Amino acid sequence: MVRLFGPLVGLFFAIALAWSFGVGAIQMINDPEPATAVQEFHLHPKEVHFSFNGAFGTFDRQQAQRGFQVYKEVCASCHSLKQVAFRDLMALGYSEPEVKAIAKQWATKAKTFDPKTGDAGERDNTPADRFPPVYYAGTGNPPDLSLMAKARHEGPEYIYSLLSGYQEQPAALIKKFPDSKVPDGLHYNPYFANLNIAMPPPLADGGVTYSDGTKASVDQQAQDVAAFLAWTAEPKMEKRKQTGWAVLGFLLAATILAYLAKKNVWANQH
Amino acid sequence: MSFPWANEYKPSHPFMQWMDEKLPLPRFVYNAVGAGYPVPRNLNYWYNFGILAGVCLMLQIITGVILAMHYAANQGVAFDSVEHIMRDVNWGWMMRYAHANGASAFFVVVYIHIFRGFLFGSYKAPREMIWLLGVTIFLLMMATAFMGYVLPWGQMSFWGAKVITGLFSAIPIVGEPLQQWLLGGFAPDNAALNRFFSLHFLLPFVILGVVILHIWALHIPGSTNPTGVEVKQESDTLPFHPYYTAKDGFGLGVFLLIYCAVLFFGPNMLGHPDNYIAADPLSTPAHIVPEWYFWPFYAILRAFTADFFFIPAKLMGVLAMFASILVWFFLPWLDTSPVRSSRYRPLLRKFVWFGLLPDVLILGYCGGSPAEAKFVLISQLGSLYYFLHFLVILPIVSSIEKPEPLPFSITESVLGKDDGAVLPANPAAA
């Protein structure tokens, strides 16, 4: 039975596939998929060297603090950071009083609700609070940034490239794809998936003043905030790598012993 | 059942003797994976992957139970509860990365284990039942992995669940009601998330049960070996312990090194970035792709692009995808060759190494790529070969192929000669 029906079933699928292939191939020849502006003009993220790259890389605390300053003064007006708590900032080298002050001075206050009276109110943020939500009234939906560095391919490089990659739409693009003019209210950015992003260029040279004296060029700010967001996305990265080396070291020793044991046990059996 | 020369369990300590009378569990272990289980002496490293699959299952159960202590299966908080595990639970990040990459490791190991079966004819009589139970385990693994991937409730979780449960809607008449019944709604939402969590917790223990049957069925005829020649005499075997415990110990070390290198230094390498975006029913990802271990089957699903007579393309794709695994159930009867191992089957060996293996890898690559015309066309040719391989080529090859001469015994294949060879009293039992 199997030997009779097996080949028949096989031929059934094979013929159906050949049919699909034929239809698809004829269509591809007669009516090929037209090239799109995205295929030709979208760019992969730029190469950047970050201190946390590689198996030994760690976060550059000073760079991450500068990145936090950029987030606080620029990004935070539209983008939330809801997975991160103020207390987490201590991992970036801020002292406890500094974290308390950052939380207390945060512009958006924590919401309170009194169950006895039903009154809604506000209070200052504390280190135990997460960064409060951002209520954005404009067009578009600014995404939460907590995990942005893991939510895109080559996340930190992507964030850096996007923030420093705004430009005029190339004339060659308009010439080849006359229908692809940047729609009103959007901005051309070759690193964005569909080339046209709603976010206006957020960074400007000297837009923030770094307390450590680093010159705040757009490129520098973009790198710094990318490094900060790499930390918010993966705050346990350093511990992960440290643990990894200890684990691999132990396993390597154990595996060598296991190999010697195996050789010993099998010595007279070959 | 075992070979007559198997070592017998003889407890010396009075407590173990007492135990052996009341509950012979140590005897059971001794006969299953101890010195009481005679195993062919020529097993190579392909044969490590059964034990490794067992290790992966235990790893998944242990890390999974711990994750379930901190995870909340509710669509409002599921995504955030995973981030809570990653950030605030002690060693939570390690548990979650171990579990997510553990699923990938499990599939790598099981795919190699299955390929070992193709290479050495492990599915052939008298081991059909072991093979059938193995394919059942694989199907259960696929269901478990799919539901597990939904739990973090990211974009790929949500849209993956939508696409995969949407497959059922291709079935005529009952399809749509069936899909709604499976999901508990019109689209994946809280009802679906809750039942997937419940089933994702249950199924690994079902797998464990079938694994026990798989190993039980293995112990009836005993393990195969790379020559495919059955065990004839005591010199063909070695006790499982210490020989194969030692060999498996080394294999386990190498496996753990690779697994931990990925876990600690590239834990998101095999995942999709979109799953770090919380599920949003209003925003469809540009390319919906499942996890890598489903890519070959996903390519087969998408390969059917034209209606075939009265059968819609979507239904053909669903039928083909299920058929692509169900066909494994019939393998023992599709392959009629009297020779077991491809080592002595020149034609089959070529089709397995240079046909099936590259075919599945190419299908996997296409399944993970966007559904552009060129990838679809390649998937169509790849799927075509896949079905022809199992259903047409394999039966034909096994009837026309001229096998190479087999060694007389396992001992001969290892030592080059078999001086002590004794023919069994009853040649029919060979």
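Residues numbered from 1 in each chain as written. Chains lettered and ligands numbered in written order. Predicted model: local features only at pLDDT ≥ 70, side-chain atom pairs only at ≥ 80, totals over all residues.

1. Re unusual backbone geometry
All names here are of chain B.
And step 1. Cis geometry is found at the peptide bond from A125 to P126, where omega equals 5°.
And step 2. Tracing the backbone through its elements, the reader meets P126 in the loop between α5 (92-120) and α6 (128-150).
And step 3. Look at the link from H241 to P242: it is a cis peptide, with omega at 10°.
And step 4. When you line up the elements, P242 lands in helix α10 (residues 240-265).
And step 5. The phi dihedral of W153 falls on the positive side, at around 55°, and the residue is not glycine.
And step 6. Structurally, W153 is set in the loop between α6 and α7 (155-166). (Helix = DSSP H or I, 4+ residues; strand = E, 2+ residues; numbered from the N terminus.)

2. With respect to the interface of chain B and chain A
And step 1. Counting residues at the interface gives 49 residues for chain B and 47 residues for chain A.
And step 2. Contributing elements (two or more residues each) for the side of chain B that touches chain A: α4 (78-87), α5, α10, α12 (313-326), α13 (331-334) and α15 (373-400) of chain B.
And step 3. The biggest single contributor to the side of chain B that touches chain A is α10 of chain B, with 14 residues. (Contact = placed C-beta atoms within 7 Å.)

3. Thoughts on helix α3 (residues 61-73) of chain A
All names here are of chain A.
And step 1. With 13 residues, α3 should cover 18 Å at 1.5 Å per step; its first-to-last C-alpha distance of 18 Å lies within 8% of that length.
And step 2. Those residues of α3 not exposed but buried are Q63, A64, Q65, R66, G67, F68, Q69, V70 and Y71.
And step 3. Buried residues along α3 sit in contact with α7 (218-233). (Expected span 1.5 Å × (residues − 1). Buried ≥ 20, exposed ≤ 12 C-beta atoms within 10 Å, placed from the backbone.)

4. Describing the domain arrangement of chain B
Residue and element names in this part refer to chain B.
And step 1. When its domains are assigned, chain B resolves into domain 1 (30-284) and domain 2 (289-405).
And step 2. The straight-line distance from the C-alpha centre of domain 1 to that of domain 2 is 22 Å.
And step 3. Between domain 1 and domain 2, the contact holds 25 residues from the first and 22 residues from the second.
And step 4. Among the elements of the structure, α5 and α6 are those that each provide at least two residues to the side of domain 1 that touches domain 2. (Domains from an automatic or database assignment.)

5. Here's the deal with the packing of helix α3 (residues 49-68) of chain B against helix α9 (residues 190-219) of chain B
Residues and elements named next belong to chain B.
And step 1. Where α3 contacts α9, the two axes come as close as 11 Å, and the packing angle between them is 155°. Looking at the two axes, α3 sits roughly antiparallel to α9. In the packing of α3 onto α9, the handedness of the crossing is left-handed. Between α3 and α9, the contacting residues are G54, L57, Q60, I61, G64 and A68 on the first element and F201, P204, I207, L208 and V211 on the second.
And step 2. Classifying every residue of the contact of α3 with α9 gives eight nonpolar, three polar and no charged. (Axes fitted to C-alpha atoms, helices over the stretch in contact; angles between N-to-C directions. Parallel < 35°, antiparallel > 145°, perpendicular 65-115°, else oblique. Left-handed = near helix turned anticlockwise from the far one by under 90°. Nonpolar A, V, L, I, M, F, W, Y, C, P; charged D, E, K, R; others polar.)

6. Let's talk about the environment of G10 of chain A
And step 1. Looking at the element boundaries, G10 of chain A is found in helix α1 (residues 2-30).
And step 2. The residues contacting G10 of chain A, other than those within four sequence positions of it, are F387, L388, L391 and V392 of chain B.

7. Thoughts on the pairing of strand β2 (residues 120-123) of chain A
Residues and elements named next belong to chain A.
And step 1. The sheet contact formed by strand β1 (residues 110-113) and β2 spans four bridges and is antiparallel. Note that in β2 the partner of T112 across the bridge is G121.
And step 2. Here β1 folds back onto β2 in antiparallel fashion, the turn holding six residues, of which G118 has a positive phi close to 80°. (Pairing = 2+ DSSP bridges.)

8. Digging into α15 of chain B
And step 1. The end-to-end C-alpha distance of α15 of chain B is 38 Å, a good match for the 40 Å that 28 residues give at a rise of 1.5 Å each.
And step 2. At H389 of chain B, α15 of chain B is bent by approximately 50°, the largest bend along its length. (Bend = angle between axes of the 7 residues up to and from the residue.)

9. Some remarks on the packing of helix α5 (residues 155-164) of chain A against α7 of chain A
To characterise two packed helices, one gives the angle between the axes of the helices and the distance between these axes.
All names here are of chain A.
And step 1. Put simply, α5 and α7 touch, their axes get as near as 8 Å, and they point 150° apart. Classified by the angle between their axes, α5 and α7 sit roughly antiparallel to one another. Between α5 and α7 lies a crossing of right-handed hand. Here α5 contributes G155, P156, I159, Y160, L163 and S164 to the contact with α7, which in turn contributes V218, D219, A222, Q223, V225, A226, A227, L229, A230 and A233.
And step 2. Grouping the constituent residues of the contact of α5 with α7 by class yields 12 nonpolar, three polar and one charged.

10. A short note on the confidence of the model for chain B
Interpretation of the predicted coordinates at a detailed level should be avoided for regions scoring low in pLDDT.
Residue and element names in this part refer to chain B.
And step 1. Mean pLDDT over chain B works out to 94, with 97% of the residues at or above the 70 mark.
And step 2. With pLDDT under 50 throughout, residues 425-430 is counted as low confidence; its partners more than four residues away or in other chains account for four contacts.
And step 3. On the interface metric, ipTM, the complex scores 0.93, and its pTM is 0.94. (pLDDT = per-residue confidence, 0-100.)

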